[in-house]
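Coordinate inspection notes
Okay, here's what each chain looks like letter by letter:
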Amino acid sequence: MATVVVVGAQWGDEGKGKITDYLAARADTVVRYQGGHNAGHTVVVGEREYRLHLVPSGIVHGKLCVIGNGVVLDPWAFWTEREALAQQGLAVERIRISDCAHLILPFHQALDAAQEGDRGEARLGTTLRGVGPAYADKAARRGLRVGDLYRPASLPARLQANLRPSNDLLRLHGLPPVDGDELLARLQAIAGCLEPHVADTVRLINDSVDRDERVLFEGAQGTLLDIDHGTYPYVTSSHPTAGGACIGAGVGPSRIRAVLGVTKAYTTRVGDGPFPAELTDATGERLRERGREYGTTTGRPRRCGWLDAVVLRHAAMVNGLTGLCVTKLDALAGLNPLRIAVGYELAGRRVQDLPHHPDDLAACRPVYEELPGWNETLGELRDFASLPPAVRGYLRRIEELVGCPVLMASVGADRAQTIAARDPFSA
């Protein structure tokens, strides 16, 4: 089998889109398996930049791109993205959407904003795209799925069953209810646009694996945002971890060959929540500007800090990582010394594992190890042997601390600025 899952090994924004784009050139099918349009991947090819939210990064290569059953889909956001990609000359007819993917509807977005506002200082930092409320309706077994759009006899009743409790909540927040008839008309209109893309994607993906084709599973967000294994409650509403690929795409775990964890050479986080290695000084600001650390989806500035090996060890464990990809090495040039958080101090004791409770994580103080930095420009380098000794030493120390080999590295934003020790499909 030639199946690879690409996961974020931090709090998201690790450069998964670029790495997925690189690997997609070698893949036959690229699958997005969770999340919604709260995600953002940026792919840079020469002078052209592609900003993706729902559509898998493989679209840039003309590959078969699948939006799996584990995704929550805003149909209008999808169509806007699809049309923009079509105008850029991409093969949008190769996109497939699971008939079992749940829909994000306008009342989900209204509830998302209202609920986040109610949290006040305890806000979670949600992107307000309606993702959480849509997953909540899915778990409550009243959600509307893509396949329901093509059941005209039952669609009105299913929509009302979903709409009624949501409108009640909107009224409690002092907000106007959503008009069911108007929403039904909008859904009937968008259904015709989506129909050529809708498919039984579970069968499609498994058939591809059966044919020994190369299938790439693309996660959104990152491990530390997983609803079970992340820094709860400051998490997303789905499973960005490797196990989520099995559920969100409909493949058994025995069908996954490799799991590649993507990490920046430092750490970033968007939104609220504990972040032990955060830098609020000039170094943190320098990382933000050198790394262009602003959200693809929201434009929000990212919080920046030194690389956190505790976080990476946690990601390696819960994902079963078989390899690492380290991105944005170029952003560290000129910083000397560099630091890596190798553990934490918590209540007077040293801890090596990520605490599960947010209060404990917020109380942690990083224990740093210093390594020599470098001043060299890395953007023209194309293999590990040509990297400066300090860069190679930095990568070796990451391997030692995490217990996982570095298979790939990124030395710039462009597609060509990617170094691979070996192909993850055959690793």
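Since this is a predicted model, take the numbers as computed values, not measurements. (Residues numbered from 1 in each chain as written. Predicted model: local features only at pLDDT ≥ 70, side-chain atom pairs only at ≥ 80, totals over all residues. Heavy atoms only, no water.)

The next thing to look at is helix α4 (residues 131-139). For an α-helix, the turn length of 3.6 residues means that residues three or four places apart are oriented alike. Burial in α4 covers these residues: Val131, Pro133, Ala134, Tyr135 and Asp137. A positive backbone phi angle near 65 degrees is found at Arg141, which sits one or two residues after α4. (Buried < 20%, exposed > 50% of the residue type's maximum accessible area, 1.4 Å probe, protein only. Helix = DSSP H or I, 4+ residues; strand = E, 2+ residues; numbered from the N terminus.)

A sheet is described by the order of its strands in space; here 10 strands give the open sequence β9-β7-β5-β2-β10-β1-β11-β15-β19-β20, paired in mixed fashion. One side of each edge strand has no neighbouring strand; the edge strands of this open sheet are β9 (198-199) and β20 (418-420). Here strand β2 (residues 29-32) pairs with strand β5 (residues 64-67) via four bridges, running parallel. Along β5, the bridge assignment pairs Thr29 with Leu64. Helix-sheet contacts for helix α1 (residues 16-24) involve β1 (2-8), β2, β10 (214-218), β11 (258-264), β15 (323-327), β19 (406-410) and β20, and the interaxial angle to β1 is about 165 degrees. Strands β1, β2, β10 and β11 of the sheet are contacted by helix α8 (residues 242-249), whose axis makes an angle of about 120 degrees with β1. (Pairing = 2+ DSSP bridges. Contact = heavy atoms within 4.5 Å. Axes fitted to C-alpha atoms, helices over the stretch in contact; angles between N-to-C directions.)

With that settled, consider helix α6 (residues 180-194). Its 15 residues give α6 an end-to-end C-alpha distance of 20 Å, which sits within 8% of 21 Å, the value for a rise of 1.5 Å per residue. Of all the residues in α6, the buried ones are Gly180, Leu183, Leu184, Leu187, Ile190, Ala191 and Leu194. Each buried residue of α6 lies within a common arc of 135 degrees when the element is viewed along its axis, so the set occupies one face. Exposed positions of α6 whose direction lies more than 90 degrees from the buried face are Asp181, Glu182 and Ala189. The N-cap residue of α6 is Asp179: its side-chain oxygen and the backbone nitrogen of Asp181 are 3.0 Å apart. (Expected span 1.5 Å × (residues − 1). Arc of directions from axis to C-beta. Polar contact = N/O pair within 3.5 Å; in protein donor to acceptor, adjacent residues only side chain to side chain.)

By size, the foremost hydrophobic cluster in this structure holds 58 residues, and its most contacted members are Phe217, Leu329, Trp374, Tyr394 and Ile398. In terms of residue count, the dominant contributor to this core is helix α12 (residues 389-402) (seven residues). Setting aside residues no more than four positions away along its own chain, Tyr394 makes contact with Ala265, Leu307, Leu329, Leu332, Leu338, Arg339, Ile340, Leu371 and Trp374. One finds Val43, Phe78, Val146 and Leu159 within the second-largest nonpolar core, a separate group that totals 36 residues. (Core = buried A, V, L, I, M, F, W, Y, C linked by side-chain atoms within 4.5 Å.)

Let us look at the packing of aromatic side chains. Taken as a whole, this structure holds two aromatic pairs when the rule is applied. Ring geometry for Trp11 and Phe275: centres 5.4 Å apart, planes at 55 degrees, overall tilted. Here the residue Trp11 occupies a position in the loop between β1 and α1, and Phe275 occupies one in the loop between β12 (267-269) and α9 (282-290), the gap between them amounting to 264 residues. Both residues of the pair, Trp11 and Phe275, count as buried. The side chain of Arg26 reaches across the aromatic face of Tyr22, ending 4.2 Å from its centre. Here Arg186 stacks its cationic end above the ring of Trp76, 4.1 Å away from the centre of that ring. (Phe/Tyr/Trp six-rings, centres within 6.5 Å; stacked < 30°, edge-to-face > 60°. Lys NZ or Arg CZ within 6 Å of the ring centre and 35° of its normal.)

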